[in-house]
Structures are given as structure tokens and as C-alpha cells.
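The primary structure of each chain is shown beneath.
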Amino acid sequence: MASPMRSLLTDPARYVQSFRLFLANSTEHQCMQEFMERQLPALIESIGNGKSTINILSVGGGAGEIDLLILSKVQARYPGVTINNNVIEPSADQIFKYKERVAETSNLENIKFTWHEETAYEYESRMNAEKKSKKWDFIHMIQMLYYVEDVPATIRYFHSLLEAQGKLLIILVSGTSGWETLWKKYSSSFPLNDLCSYISSGDIKRMLDSAGLKYQLHELPSHMDITSCFIEGNKDGELLLDFLTETCEFSKTAPPELKRQVMEELRKPECSEKKDGKVLFNNNLSVIVIEP
């Protein structure tokens, strides 16, 4: 009998709902913001040296919150320089939110925004069809490599678009996170489809090492409060479980034994810690900065 379980990505509205709840319950954006404030300035120190225009490519830019923070750091380093910020983002809803955010933000006069409603693969195909290979001073892929079909090929392609002083910045879950533990153990039981792959910084490091690319690695401690997942019938808990397992309505459609095992796993120290009566899932991230 076919399993009633299906990928969370088959229901875009529920995916966005669970993703927003994940952001509200985790320190995901806070730890990224802290990184952008403290460590990004040194990393972009030389990307625009001697240039009158800086070209930035955001792959999977989402609703633009982190993008605008990155842009503010580039502006601070290169005051008055024109910035072309191109965004690749497949979700029309996210692009709409991004445009709203830009409209509400001041000091963006010298930044030209261009949005492409497409996936990274569609962008690559379009550029190849148009025989274009525009070079970029800074390319970033934040929490998006799970959604590409061929990760090494995607990294290779975007890496090939870097200018001589450019940088490619990747953020995704750490090989030391609860995600790594959960996915390595249960991904074969979740409704995997072509839309999502379970990878962590450990996998990316192996790819980069075998390709002989130079990179730096930074670890960002982060957690997510998943206490509500253990309250039977709690709506938020059910949405967070969907997000953790990438499964639509996981608590209603998963076989009882799988659900029991996953709930047990989530409580283990490899995945979470108990603190002040809360269950905090290890949401550690890695930042990988690749040289040209």
C-alpha cells in the first residue's frame, strides 16, 4: 500500500506557514544577523576593489531579510558605489514580500534590484541558452542547497561565475546539528522526492575538498524551541514537525511506529537539549566561504 505521507513542498502554503513558525521559534535569523554584523565585513573587504559597480547574486533570496543586511554591509564598505543586486527566487510570494521590504527600507538609492522568479537550475539553463556567463563579485546561497537536484554541479556552476576577487558564501545546517542526526537516521523513511535533499555542511566540505576548492568554515550556534511538538494536537507543534521531517501533516500521516521513533529521537541529546522545561533542538548552522 502506498504511504499517505507526502513531501511538505507539495503544499507551498503549508510550507511557508511552517517555515515562518520555524523562524519565530528559532534563533536562525539572529545568529545569521550576528554573523553578518561581526564577520561579513572582513569577508567582503576586497570584493569591490577598484570597481565603480559591484555585482551581487542572491540565489534563493527568500523574502530578502538577510539580503538587505548583506547589502548594508557592502554599502558601508564601499560608500556611494553602485550595486547591482540580482535575486533568484522561485516563490512569487517570497519575491512579493522582498519587494515590500525594499519599498519600506531607506538608503537603497545606489542599489538596483532585479528579481528572477526561477530556481537556480532554471537560471543556469536560461544563461546557457542565452550564451551568457555574467561574472559576480559576491554570490550567496543561504539555506537553499537542500532544494537543488545536483548540489556539486550547482556549486561548480555558481563558483565559475566569480570575479577574481569574488566570494561565494553558503549557509546551511551544520554537520554537528540535530538535523544531521535526524536526517541521516530517518530520511529514507520520509517522503523524499526530487524537491529536497538532506545535506549538511559535512557533505559540502567533502564535495569542496574533492574538488580542491579553497574555503573557510564558520560555525554558528543556533537552536529551535520544539516543546510544542510534544503536546498532542498542538497546531504549532504539528507544523514544526512537518518542517523537521519535510513531511506534510507528519503527525497525521506517518506510520505510528515511525512517529514514535522520531519523537523519541527528537528528545535525545544528539538532537536537542532540555533547558528551563523546554526542548531546544540543535539548529546549528555553518557558513562556508569559497574563494574563486
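What counts, and at which threshold
Residues numbered from 1 in each chain as written. Predicted model: local features only at pLDDT ≥ 70, side-chain atom pairs only at ≥ 80, totals over all residues. Heavy atoms only, no water. Helix = DSSP H or I, 4+ residues; strand = E, 2+ residues; numbered from the N terminus. Rg over C-alpha atoms; globule rule 2.2 N^0.38 Å. Buried < 20%, exposed > 50% of the residue type's maximum accessible area, 1.4 Å probe, protein only. Contact = heavy atoms within 4.5 Å. Areas by Shrake-Rupley, 256 points an atom, 1.4 Å probe, with all protein chains shown as cover. UniProt positions renumbered as here; feature names shortened; annotations may be inferred. 1 Å grid on protein atoms, 1.4 Å probe; cavity = no way out; pocket = protein on both sides within 12 Å on 5 of 7 lines; lining within 4 Å. Phe/Tyr/Trp six-rings, centres within 6.5 Å; stacked < 30°, edge-to-face > 60°. Lys NZ or Arg CZ within 6 Å of the ring centre and 35° of its normal. Pairing = 2+ DSSP bridges. Axes fitted to C-alpha atoms, helices over the stretch in contact; angles between N-to-C directions. Points joined across faces, edges and corners; volume = space filled by probe spheres on them. Expected span 1.5 Å × (residues − 1).

## Considerations on the overall build of the chain
If you tally the helices and strands in the chain, you get 12 helices and 12 strands. Its C-alpha atoms give the chain a radius of gyration of 19 Å, within 12% of the compact-globule value 19 Å for 292 residues. Taken along its principal axes, the extent of the C-alpha atoms in the chain is 60 × 40 × 35 Å. Taken across its 292 residues, the chain has 54% of its residues classed as buried. Considering only contacts in the chain between residues 6 or more positions apart, those separated by 24 or more positions represent 81%. By element, 52% of the accessible surface of the chain is carried by carbon and sulfur atoms, the whole surface being about 13,500 Å².

## Remarks on the UniProt feature "binding site: substrate" (unreviewed entry) in the chain
When the UniProt feature table is mapped onto this chain, "binding site: substrate" (unreviewed entry) is found at Glu28 and Asn283. These annotated residues cover 256 residues of sequence, and their C-alpha atoms lie no more than 7.4 Å from one another, placing them together at a single site. Lining the largest pocket, out of the annotated residues just given, are Glu28 and Asn283. With respect to the helices, strands and loops of the structure, Glu28 is situated in helix α2 (residues 28-38). Residue contacts for Glu28: discarding those within four places in its chain leaves Phe22, Leu23, Gln143, Ser222, Asn283 and Leu285. Once you skip the residues sitting within four places of it in the chain, Asn283 turns out to touch Phe22, Ser26, Glu28, Trp179, Ser222, His223 and Met224.

## Digging into the packing of aromatic side chains
Enumeration over the complete set of coordinates arrives at 21 aromatic pairs. Considering the side-chain rings of Trp179 and Trp183, the 5.2 Å spacing of their centres and the 50° angle between planes classify their relative orientation as tilted. Pair noted here: Trp179 and Trp183 are both in helix α8 (residues 178-186), with a separation of 4 residues, about one helical turn. For Trp183, a relative accessible area of 6% puts it in the buried group. Summarising the aromatic geometry, the rings of Phe190 and Tyr198 are spaced 6.3 Å apart at their centres and angled 55° between planes, so their arrangement reads as tilted. We note that Phe190, like Tyr198, is buried. A cation sits over an aromatic face here: Arg77 above Tyr78, 4.4 Å from the ring centre. Its end group placed over the ring of Trp136, Lys134 keeps NZ or CZ at 5.0 Å from the ring centre.

## Things to note about helix α9 (residues 201-211)
When we look at burial in α9, the residues that qualify are Ser201, Gly202, Asp203, Ile204 and Leu208. Among the structural elements, α7 (151-159), β6 (162-173), α8, β7 (215-220) and β12 (285-290) are those in contact with the buried residues of α9. One or two residues past the end of α9 sits Gly212, with phi positive at roughly 70°.

## Some thoughts on the sheet that holds β12
Through backbone hydrogen bonds, the strands of a sheet pair up, either in parallel or in antiparallel fashion. If you trace the 7 strands from one edge of the open sheet to the other, you get β4-β3-β2-β5-β6-β12-β7, paired in mixed fashion. Every interior strand has two partners, whereas the edge strands, β4 (111-116) and β7, have only one. Neighbouring strand axes in the sheet, compared pairwise and without regard to direction, differ in orientation by 15° on average. As paired strands, strand β5 (residues 136-142) and β6 are joined by 6 bridges and run parallel to one another. Its bridge partner lying in β6, Met141 is registered against Ile170.

## A closer look at the pairing of β12
For β12, the tally of buried residues reaches 6 of 6 residues, placing the bulk of the element in the interior. Here β12 shows a buried face lined by Leu285, Val287 and Val289 and a second buried face lined by Ser286, Ile288 and Ile290. Looking at chain direction, β6 and β12 are connected through 6 bridges and run antiparallel. Looking at the pairing, Ile170 lines up with Ile288 of β12. Pairing analysis gives 6 bridges linking β7 to β12, with the strands arranged antiparallel. When the bridges of β12 are listed, Gln216 appears paired with Val289.

## Overview of the layout of surface pockets
A volume near 1,300 Å³ is recorded for the largest pocket. What lines the largest pocket is a set of 48 residues, and nearest its centre among them are Tyr15, Glu89, Gln94, Gln143 and Tyr147. Counting residues per element, the ones that place at least two in the lining of the largest pocket are α1 (12-25), α2, β2 (53-59), α4 (65-77), α5 (92-103), α6 (120-129), β5 and α8. Per-element accounting of the lining of the largest pocket gives the leading share, 7 residues, to α1.

## Observations regarding α1
The end-to-end C-alpha distance of α1, which contains 14 residues, comes to 20 Å, matching closely the 20 Å that a straight helix rising 1.5 Å per residue would cover. Of all the positions in α1, only Arg14, Tyr15, Val16, Ser18, Leu21 and Phe22 are classed as buried. On its buried face, α1 sits against α2, α5, α8, β8 (223-225), α10 (235-245) and β9 (247-248).

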